[in-house]
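Per-entry structural report
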Amino acid sequence: MKEFKPDIDCKAELEEIAPILNSFDKSSLFQVPANYFDELPAKISHRVQAKTFEYSIWHFFRTIMKQRVAVPALMIICVVAGMFISKDSEKKAQLVLNPDVIQQADPSILLAYVNEYDLKEALIESDHSLSASYLDEDQSVAYLLDTEMDLQNLVLDNIEIN
Amino acid sequence: MSHYEDKELLEMFREEQQSNYAFNLIVRKYQSRLYHHIRRIVIDHDDANDIIQNTFIKAWKGLSKFREDAHLYTWLYRIATNESITFLNQQKKRNVVSIENLGDSLQVNQSHGIGMNPDKMQEKLKQAIEALPEQQKLVFSLRYFDEMKYEDMSEVLNVSVGALKASYHHAVKKVEKFITGN
């Protein structure tokens with residue numbers, strides 16, 4: 001990489017074309033404010049530092065903006081996932097279940113959509129010998145499976161009630 | 001004044017801990033030359049001050065991607081020239097200062113003590129240069145004042161050496177005619 005060097009042929013060239021122009025003092029064409037070149041580097045340095053800060057902020061937002069498809073998609077995924085994760089069986093049922101699906105679903109899966117209290121109540125309704133206080137979830141499930149209780153309708157009733 | 005060569009300055013700039021220092025040295029090395037080049041185009045000191053700062057800001061932004069097959073000073077001159085021309089074009093659109101009123105604006109600058117040399121011949125030279133077409137003005141400025149080689153000017157202005165020689169020849173003749181009154 002070469003350094004800047006004035007062309008030594010300039011004066012000779014000018015002497016051929018217009019010698020009078022060689023007689024001018026080229027350095028004093030414009031006056032410059034005192035200390036201007038002493039202060040200019042500091043001014044530029046301050047602007048560069050300000051630009052560096054602006055650039056880092058801008059770069060951050062550009063990175064985010066480049067994900068303009070991913071970010072909304074991620075938000076949608078989070079919302080949908082949140083709906084699925086929700087333990088509110090009522091909302092879950094409204095979103096996911098329909099009667100046709102329920103009729104064909106496995107009982108053990110359907111149990112996830114039935115409120116434990118409602119399940120016990122249904123069991124006792126069907127068999128008054130059972131005592132609610134002695135029924136835990138596992139016992140409820142076992143009883144349901146043994147009796148082949150119509151769990152589908154129980155789920156549907158659960159939806160309607162709620 | 002920096003005693004570092006351009007190649008050394010670029011190497012320093014690429015090292016993160018020395019980049020600010022290296023850039024500061026580049027500014028100090030080229031500020032005077034670039035300022036006067038800009039000032040000869042836009043005339044007014046305040047405008048030249050804005051443009052030279054913008055020039056170095058752009059240089060700082062682009063320096064990390066600067067290819068070493070180009071020359072640093074021609075690259076800086078090109079940025080300065082483009083910034084100056086852009087400024088003039090914006091001025092034309094805003095119709096801020098017309099050529100006819102340029103003499104008045106120079107008088108205003110003189111009253112603030114910035115820009116005017118009392119020497120009448122210098123003043124005539126300035127007016128002669130200002131009367132040149134834009135391209136000839138640039139060529140004349142770079143060759144006459146900065147004594148830049150035609151090959152370097154070709155890099156700055158993106159014009160062939162032959163065209164530059166012809167343009168300079170015509171510019172010099174016009175300036176001589178203006179000054180001598182012939």
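Residues numbered from 1 in each chain as written. Chains lettered and ligands numbered in written order. Predicted model: local features only at pLDDT ≥ 70, side-chain atom pairs only at ≥ 80, totals over all residues. Heavy atoms only, no water.

**Points about a negative patch on the surface**
Residues and elements named next belong to chain B.
- Taken together, Glu5, Glu8, Glu11 and Glu15 make up a surface patch of like negative charges.
- Inspection of the secondary structure assignment puts Glu11 in helix α1 (residues 6-14).
- Residue class for Glu11 comes out partly exposed when judged on its relative accessible area of 43%. (Patch = residues over 30% accessible without salt bridge, like charges linked within 9 Å, V, L, I, M, F, W, Y side chains within 5 Å. Areas by Shrake-Rupley, 256 points an atom, 1.4 Å probe, with all protein chains shown as cover. Salt bridge = Lys/Arg side-chain N within 4 Å of Asp/Glu carboxyl O. Lys, Arg positive; Asp, Glu negative; His and termini not counted. Charge placed at Lys NZ, Arg CZ, Asp CG, Glu CD. Helix = DSSP H or I, 4+ residues; strand = E, 2+ residues; numbered from the N terminus. Buried < 20%, exposed > 50% of the residue type's maximum accessible area, 1.4 Å probe, protein only.)

**Focus: the nonpolar core**
- One finds Leu21 of chain A together with Phe23, Leu63, Leu72, Leu125, Phe140 and Tyr144 of chain B to be the most contacted residues of the largest nonpolar core, which totals 69 residues.
- The biggest single contributor to this core is helix α2 (residues 19-42) of chain B, with 11 residues.
- In contact with Leu63 of chain B, other than residues within four places in its own chain, are Leu10, Phe13, Arg14, Phe23, Ile26, Leu72 and Trp75 of chain B. (Core = buried A, V, L, I, M, F, W, Y, C linked by side-chain atoms within 4.5 Å. Contact = heavy atoms within 4.5 Å.)

**Focus: the side chain of Gln31 of chain B**
- Locating Gln31 of chain B in the fold gives a position in helix α2.
- Ignoring sequence-local partners within four residues, the contact set of Gln31 of chain B consists of Phe37, Leu40 and Pro41 of chain A together with Ile52 and Phe56 of chain B.

**Quick notes on the confidence of the model for chain A**
Residue and element names in this part refer to chain A.
- Looking at chain A as a whole, its pLDDT mean stands at 70, while 39% of the residues score no less than 70.
- The least confident element of chain A, judged by mean pLDDT, is helix α4 (residues 89-96) at 47; the most confident is helix α1 (residues 10-17) at 91.
- Taken together, the stretch residues 91-97 has pLDDT below 50 and engages in 13 contacts with residues farther than four places along the chain or on a different chain. (pLDDT = per-residue confidence, 0-100.)

**So, unusual backbone geometry**
- The backbone phi angle of Asn35 of chain A is positive, close to 65 degrees, even though this residue is not glycine.
- Examined against the element boundaries, Asn35 of chain A turns out to sit in the loop between α1 and α2 (36-66).
- Residue Asn158 of chain B is not a glycine yet carries a positive backbone phi of 60 degrees.
- Residue position: Asn158 of chain B is located in the loop between α8 (150-157) and α9 (161-180).
- A residue is classified by how much of its surface remains accessible, and Asn158 of chain B, at 73% relative accessible area, is exposed.

**Focus on a nonpolar patch on the surface**
- A grouping of Ile76, Val80 and Phe84 of chain A is seen on the molecular surface, where their side chains present a nonpolar patch of about 300 Å² in accessible area.
- On the secondary structure map, Ile76 of chain A appears in helix α3 (residues 70-85).

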